[in-house]
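# Coordinate analysis (summary)
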Amino acid sequence: MRDLFHMERGDVGGVDALYAPVAARFADLAAGAPDRRRVLTAPAVIDEYADVQNSLQHKLLAAPDVEHAPALLGMALAFTRRVAPMLAAAGVSVSGASGAGASLSPAVRRSVGAELSPPPHDSAADEYLHAFFANAFLPHAEAQAARAFDALTGASDAFDADPDARLGGRPVFRSAAALVPQLARLGALLSRLGAFGGGGDGWAALLQLAARYYERCLALFRDTVRSPEGQTYLSVRWSESLDMMQLFDRRMRNDGDALREIRAEEALKADRSLNPYELVFDGKRLAAVAQLHQTLEWLRAQLAPVLAGAADCARVLGRFQSLAVQCLMVLRIEVRVHCMHYLDLALREGDYALARDAVEPEPYVQALNADLAAAEERLAACLPADKLALVFAGVSVLMAHTLVANARHIRRFNAAGCRKMARNILALQQNLTNIALPEEGGLDAARRYYELYDLGADGILRHIAEHGAEFALDDYRRMLAFVCSGSADAAAPSPGRASSLLEASQADQYEAHVLRLRELLAAPPIPARK
């Protein structure tokens, strides 16, 4: 131990006298326990900071690993600070006379670097430990962490689920679960050095490793949300819309506006049919995005205390949070665009002018139910209940809006077609209940809209007069057109002039009903009944 310090020539005899009892005691212990001595001296210890003679006498007490470094540094500091007063009382000089590093031996100064930070304490031992950990051990620790990072993220199962690491009962990536302890050990060492007045640029290395893992996650996200043809899926493009970001932020704070969200989606959709290649039909991709969201949320929570001592901690953690939110947005939008896609096809291509009642719902409605059930099963294995509810929240309201607004694409409609539509709505409601989604009652609006058909044209107008308007002018006009066209189909007019006269009569009746409709909707709203 005395080799660590640069002593004045006149103090050597005093130190030898203090050290003699310790050496004698060690000799007695070694002679009395030869087996223990063999165990202690068995490991070969290479000490580049001591001469050959002293190096051969070293015993390996703890593996030179970054995991042990914070504890060893604390123990070493406690020891040196405890013996420093004893040496001072014995008249031994332990502090340097001229600046940082002056009290260290030339060999030690060369090993830890020419420039040393000013020591925070008067003890040369403190100065040496600070210089060693900051300038010699810390770079090795950073290199070790970097090698571990490359090994963990380069493994074939790096982005598979680790069943032992969970957030909200759902697993996270193996590489993340293994990487956090590595970063935590390095962060603990930096925190210890920071308390000692050191640490320096070590936090930059730690932040760089965290940023590198974020880049790997971002690359995984981009690969997952890109089609085999290299096109980015529609849900990702919509998730980058400022309006959609703001609406989703409100939804996360339980302040969602369902109708405003639908209007924003319709503006992005631009009154067109969605192409299948714009949507994600591979359940594995949806599960990967959900798993990525969970991992990013878990990482943000785990790294917050690890990076607390870094100046740029908030920015790095904010990047993890932003990508996690976008993953959840993509999943929510993907579910909604699937509803729009299938229901749009159900109304554009479905037959609602039937000669007899349909036995089954529209095939596109059945396809949507199967699609939603499969998506919910995949996502439920990756997301906790609250996140899953956020993904599917408002789906029934969107379905009802699509069934009413897209009724303009129905070419012909009669009473049997109306009953088929009721069957469609019931099938959608039952499916949402079967996959244990929150009951919202949104589809009740669609059911009430198509029930207006059975009231007839006069009944629709009377219902509005008595109860007020629930739907828009165009929605009521469309239903009046269905009623009039359905009556014409039921009459089965003969070809020729009679058919033309009947169509003209129906057109006159329709225009009269629309005129009355406009008057009703222009009137002041009916006060709510107490």
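Residues numbered from 1 in each chain as written. Predicted model: local features only at pLDDT ≥ 70, side-chain atom pairs only at ≥ 80, totals over all residues. Heavy atoms only, no water.

### Comments concerning the overall build of the chain
Of the regular secondary structure elements, the chain holds 21 helices and two strands. Here the chain holds 530 residues, and the buried ones make up 44% of them. Look at the contacts in the chain between residues 6 or more apart in sequence, and 74% of them connect residues 24 or more apart. In the structure as shown, the chain presents an accessible area of about 27500 Å², 54% of it carried by carbon and sulfur atoms. (Helix = DSSP H or I, 4+ residues; strand = E, 2+ residues; numbered from the N terminus. Buried < 20%, exposed > 50% of the residue type's maximum accessible area, 1.4 Å probe, protein only. Contact = heavy atoms within 4.5 Å. Areas by Shrake-Rupley, 256 points an atom, 1.4 Å probe, with all protein chains shown as cover.)

### Some points on the nonpolar core
L307, M399, L403 and Y450 are the most contacted members of the largest nonpolar core, which has 129 residues in total. Broken down by element, the residue count for this core peaks at 20 residues, all from helix α13 (residues 313-349). Beyond its immediate stretch of four places on either side in the chain, Y450 contacts L403, A407, I410, F413, C418, M421, I425 and M479. (Core = buried A, V, L, I, M, F, W, Y, C linked by side-chain atoms within 4.5 Å.)

### Observations concerning the pairing of strand β2 (residues 170-173)
In the sheet, strand β1 (residues 161-167) pairs with β2 via four bridges, with the strands oriented antiparallel. Along β2, the bridge assignment pairs A161 with F173. Linking β1 back to β2 in an antiparallel pair, the connection comprises two residues, with G168 at a positive phi of about 65 degrees. (Pairing = 2+ DSSP bridges.)

### Re the packing of helix α14 (residues 363-380) against helix α15 (residues 385-392)
Across the interface, α14 lies against α15 with an axial gap of 10 Å and an inter-helix angle of 150 degrees. By the angle between their axes, α14 is roughly antiparallel relative to α15. In this structure, the crossing between α14 and α15 has a hand that is right-handed. Contacts from L372, A375, E376, L379 and A380 in α14 reach L388, V391 and F392 in α15. A per-class count over the contact of α14 with α15 returns seven nonpolar, no polar and one charged. (Axes fitted to C-alpha atoms, helices over the stretch in contact; angles between N-to-C directions. Parallel < 35°, antiparallel > 145°, perpendicular 65-115°, else oblique. Left-handed = near helix turned anticlockwise from the far one by under 90°. Nonpolar A, V, L, I, M, F, W, Y, C, P; charged D, E, K, R; others polar.)

### Points about the side chain of S239
Assignment of secondary structure puts S239 in helix α9 (residues 234-239). With relative accessibility at 1%, the residue S239 sits in the buried group. Of note is the side chain of S239, whose polar atom sits 2.6 Å from the backbone oxygen of V236. What S239 contacts, discounting residues up to four positions off in sequence, is M245, Q326, M329, V330 and I333. (Polar contact = N/O pair within 3.5 Å; in protein donor to acceptor, adjacent residues only side chain to side chain.)

### Looking at the packing of helix α16 (residues 395-405) against helix α17 (residues 415-434)
Running from N to C, α16 and α17 cross one another at 170 degrees; their axes reach a closest spacing of 11 Å. Judged on the interaxial angle alone, α17 and α16 are roughly antiparallel. Taken as a pair, α16 and α17 cross one another with a handedness that is right-handed. Contact with α16, carried on its side by V395, S396, M399 and L403, involves M421, I425, L428 and L432 of α17 and no other residues of that element. Residues belonging to the contact of α16 with α17 are distributed by class as follows: seven nonpolar, one polar and no charged.

### So, the packing of aromatic side chains
Taken as a whole and judged by the stated rule, the model has eleven aromatic pairs. Consider the rings of F149 and Y213, whose centres lie 6.5 Å apart with planes at 85 degrees: the pair is edge-to-face. Residue F149 is located in helix α6 (residues 124-153), and its partner Y213 is located in helix α8 (residues 202-224); the two are separated by 64 residues in the primary sequence. When sorted by exposure, F149 lands in the same class as Y213, which is buried. Plain terms: the ring middles of F159 and F173 are 5.3 Å apart, the flat faces sit at 85 degrees to each other, and that makes the pair edge-to-face. Residue F159 is found in the loop between α6 and β1, and its partner F173 is found in strand β2; the two are separated by 14 residues along the sequence. Each member of the aromatic cluster is reached from another via a ring pair, and the members are Y352, F413, Y449, Y450, Y453, F471, Y476 and F482. (Phe/Tyr/Trp six-rings, centres within 6.5 Å; stacked < 30°, edge-to-face > 60°.)

### Concerning the pattern of salt bridges
Summed over the entire model, instances satisfying the criterion amount to 25 salt bridges. For E261, the salt bridge goes to R336, with nearest N and O atoms at 3.8 Å. On the criterion of sequence distance, the pair formed by E261 in helix α11 (residues 258-269) and R336 in helix α13 is long-range, its members being 75 residues apart. Using a relative accessible area of 7% as the deciding quantity, one classes E261 as buried. A relative accessible area of 1% places R336 in the buried class. Here E470 makes a salt bridge to R448, at a shortest N to O gap of 2.6 Å. In this pair, E470 is assigned in the loop between α19 (456-467) and α20 (473-491) and R448 in helix α18 (residues 443-451), connecting sequence segments 22 residues apart. What makes R448 partly exposed here is its relative accessible area of 34%. The network of salt bridges with shared partners includes R251, E261, E265, R332 and R336. (Salt bridge = Lys/Arg side-chain N within 4 Å of Asp/Glu carboxyl O.)

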